[in-house]
Amino acid sequence: MLEINSKDNNLFKRIKKLKQKKYREQEKLFLAEGIKFLDFSKEPNYIFIDSDFDFSVIQERLNKFSCDKYILSSQLFKQLTSQENSQGVILIYSFNEYSLEEIEDNIIVLDKVSDPGNLGTIIRTVDAAGFKDIILTTGSVDCYNEKTIRSTMGSIFNVRITYLTEERMVEFLKEKNYKLIATALDKTSIPYTEMSLSNKNAIIFGNEGNGIGKNLLDIADEKVIIPIYGTAESLNVAMACGIILYKVRELIK
């Protein structure tokens, strides 16, 4: 296992830049932190281990990967970690890139969802409910944000995520004859338990503060709402996603 002790090391400088979105997009690489990621089958590009961490306890899990592995000085590792109490392991992965042709019959659409934790929880929920495809409109949070990756608990490897402009997304959904079901606080919305599905459905969830944009609402084939029985103003978007997707799963069984 190789060691890196200098902040001037070219690989270290390259990896440190991945903490910024623009460099992740340039390199098509992202960071995932935590021992849990060693349990997944996806091969990383690199593995970095804190020199203060006794990696003998994970040696067997490390051995299953053929990528280069590095021990970073604790001082350098602290510049990469995003966690206050790090487990001492950071993995670098390539982006999961897909074409529109791979998208299947039911899609989750996220319109400018902005919170990385919410997106990570939604990705995990989509995976748990047995769906594969997520389209995010341009302007949504980066799915490779470190907080998002952590919140997915590995589900980032099990879904297909595509970013499209609103115009291109609408063009694609109409061209492929998707039924557009929007979750919205709207006077024309029906209870989600009464929604009707087509053979191809796009379930749309909106921004945490502003909901779904007007253009998407205007073209929705059906609008649904989750009733609020208490005094809360609304539900968190990730929670709403879970409720509705499990209802969709029940309906398409």
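The preceding data block contains the structure.
The following refers to the structure shown. (Residues numbered from 1 in each chain as written. Predicted model: local features only at pLDDT ≥ 70, side-chain atom pairs only at ≥ 80, totals over all residues. Heavy atoms only, no water.)

Things to note about the overall build of the protein
Link 1 in the chain: If you tally the helices and strands in the protein, you get nine helices and twelve strands.
Link 2 in the chain: Relative to its 253 residues, the protein shows a buried fraction of 50%.
Link 3 in the chain: Total accessible area on the protein is roughly 12600 Å²; 45% of this is exposed by carbon and sulfur atoms.
Link 4 in the chain: Computed over 33 positive and 36 negative side-chain charges, the separation of the two mean positions in the protein equals 1 Å. (Helix = DSSP H or I, 4+ residues; strand = E, 2+ residues; numbered from the N terminus. Buried < 20%, exposed > 50% of the residue type's maximum accessible area, 1.4 Å probe, protein only. Areas by Shrake-Rupley, 256 points an atom, 1.4 Å probe, with all protein chains shown as cover. Lys, Arg positive; Asp, Glu negative; His and termini not counted. Charge placed at Lys NZ, Arg CZ, Asp CG, Glu CD.)

A look at helix α9 (residues 237-252)
Link 1 in the chain: With 16 residues, α9 extends 22 Å from end C-alpha to end C-alpha; this agrees with the ideal 22 Å at 1.5 Å per step.
Link 2 in the chain: By the burial criterion, the buried members of α9 are V237, A238, A240, C241, G242, I244, L245, K247 and V248.
Link 3 in the chain: Its side-chain oxygen 2.7 Å from the backbone nitrogen of A238, N236 forms the N-cap of α9. (Expected span 1.5 Å × (residues − 1). Polar contact = N/O pair within 3.5 Å; in protein donor to acceptor, adjacent residues only side chain to side chain.)

Examining unusual backbone geometry
Link 1 in the chain: At K28, a residue that is not glycine, the phi angle is positive and equals roughly 60°.
Link 2 in the chain: With respect to the helices and strands, the residue K28 is situated in the loop between α2 (21-27) and β2 (29-33).
Link 3 in the chain: Using a relative accessible area of 37% as the deciding quantity, one classes K28 as partly exposed.
Link 4 in the chain: Phi at N177 is positive, roughly 60°, even though this residue is not glycine.
Link 5 in the chain: Along the chain, the position of N177 falls in the loop between α7 (166-175) and β9 (179-183).

So, the sheet that holds β9
Link 1 in the chain: Here seven strands make up an open sheet; going across it, the order is β8-β7-β6-β11-β9-β12-β10 and the pairing parallel. The two strands at the open ends of the sheet, each matched to only one other strand, are β8 (160-164) and β10 (190-191).
Link 2 in the chain: Lying over the sheet, α7 contacts β6 (106-110), β7 (133-137), β8, β9 and β11 (201-205), oriented at roughly 160° with respect to β6. (Pairing = 2+ DSSP bridges. Contact = heavy atoms within 4.5 Å. Axes fitted to C-alpha atoms, helices over the stretch in contact; angles between N-to-C directions.)

What to know about the side chain of N201
Link 1 in the chain: Residue position: N201 is located in strand β11.
Link 2 in the chain: Here N106 takes part through its side chain, which lies 2.9 Å from a polar atom of the side chain of N201.
Link 3 in the chain: Ignoring sequence-local partners within four residues, the contact set of N201 consists of D105, N106, I107, Y178, K179 and I181.

Description of the packing of aromatic side chains
Link 1 in the chain: Using the criterion set out here, one finds 13 aromatic pairs in the structure.
Link 2 in the chain: An aromatic cluster of three or more residues is present, and its members are F30, F37, F40, Y93, F95, Y144 and F157.
Link 3 in the chain: Over the ring of F131 we find R249; its NZ or CZ atom is 4.5 Å from the centre of that ring. (Phe/Tyr/Trp six-rings, centres within 6.5 Å; stacked < 30°, edge-to-face > 60°. Lys NZ or Arg CZ within 6 Å of the ring centre and 35° of its normal.)

Looking at a nonpolar patch on the surface
Link 1 in the chain: Taken together, I228, L235 and M239 make up a surface patch of nonpolar side chains, about 250 Å² in accessible area.
Link 2 in the chain: Topologically, L235 is positioned in the loop between β12 (222-225) and α9.
Link 3 in the chain: Take L235: its relative accessible area is 38%, and that puts it in the partly exposed class. (Patch = residues over 30% accessible without salt bridge, like charges linked within 9 Å, V, L, I, M, F, W, Y side chains within 5 Å. Salt bridge = Lys/Arg side-chain N within 4 Å of Asp/Glu carboxyl O.)

Side note on helix α1 (residues 10-17)
Link 1 in the chain: Considered for burial, the residues of α1 that qualify are L11, F12 and I15. One side of α1 holds all its buried residues, which, seen down the axis, span an arc of 100°.
Link 2 in the chain: On its buried side, α1 packs onto β1 (2-4), β2, β3 (46-50), β4 (68-72), α4 (74-80) and β5 (89-94).
Link 3 in the chain: The distance from a side-chain oxygen at the start of α1 to the backbone nitrogen of L11 is 3.0 Å, and the residue carrying that oxygen is N9. (Arc of directions from axis to C-beta.)

Looking at the environment of N63
Link 1 in the chain: Relative to the helices and strands, N63 is located in helix α3 (residues 59-63).
Link 2 in the chain: Under the relative-accessibility criterion, N63 is labelled exposed at 54%.
Link 3 in the chain: Sequence separation between N63 and F40 is 23 residues; the distance between their C-alpha atoms is 13 Å.

A word on the nonpolar core
Link 1 in the chain: Grouped together as the largest cluster of nonpolar side chains are 49 residues, with contacts concentrated most on L38, I47, L110, I134, F205, I244 and L245.
Link 2 in the chain: Going through the elements one at a time, β2, β3, β5, β6, α5 (116-128), β7, β11 and α9 are the ones with two or more residues in this core.
Link 3 in the chain: Per element, the largest residue contribution to this core is seven residues, and it comes from α9.
Link 4 in the chain: Those residues in contact with I47 that sit more than four places away from it in its chain are L38, L62, F65, C67, D68, K69, Y70, V89, I90 and L91.
Link 5 in the chain: If you look at the next biggest cluster of nonpolar residues, it comprises 20 residues, including I107, L164, F172 and A220. (Core = buried A, V, L, I, M, F, W, Y, C linked by side-chain atoms within 4.5 Å.)

Some words on the pairing of β6
Link 1 in the chain: Burial of β6 is extensive: five of the five residues sit out of reach of the surface.
Link 2 in the chain: Of the two faces of β6, the one holding N106, I108 and L110 and the one holding I107 and V109 are both buried throughout.
Link 3 in the chain: Of the pairings in the sheet, the one linking β6 to β11 comprises five bridges and is parallel in character. Bridge assignment links I107 to a residue of β11, and that residue is A202.

Just geometry here; none of it tells us what the structure is for.
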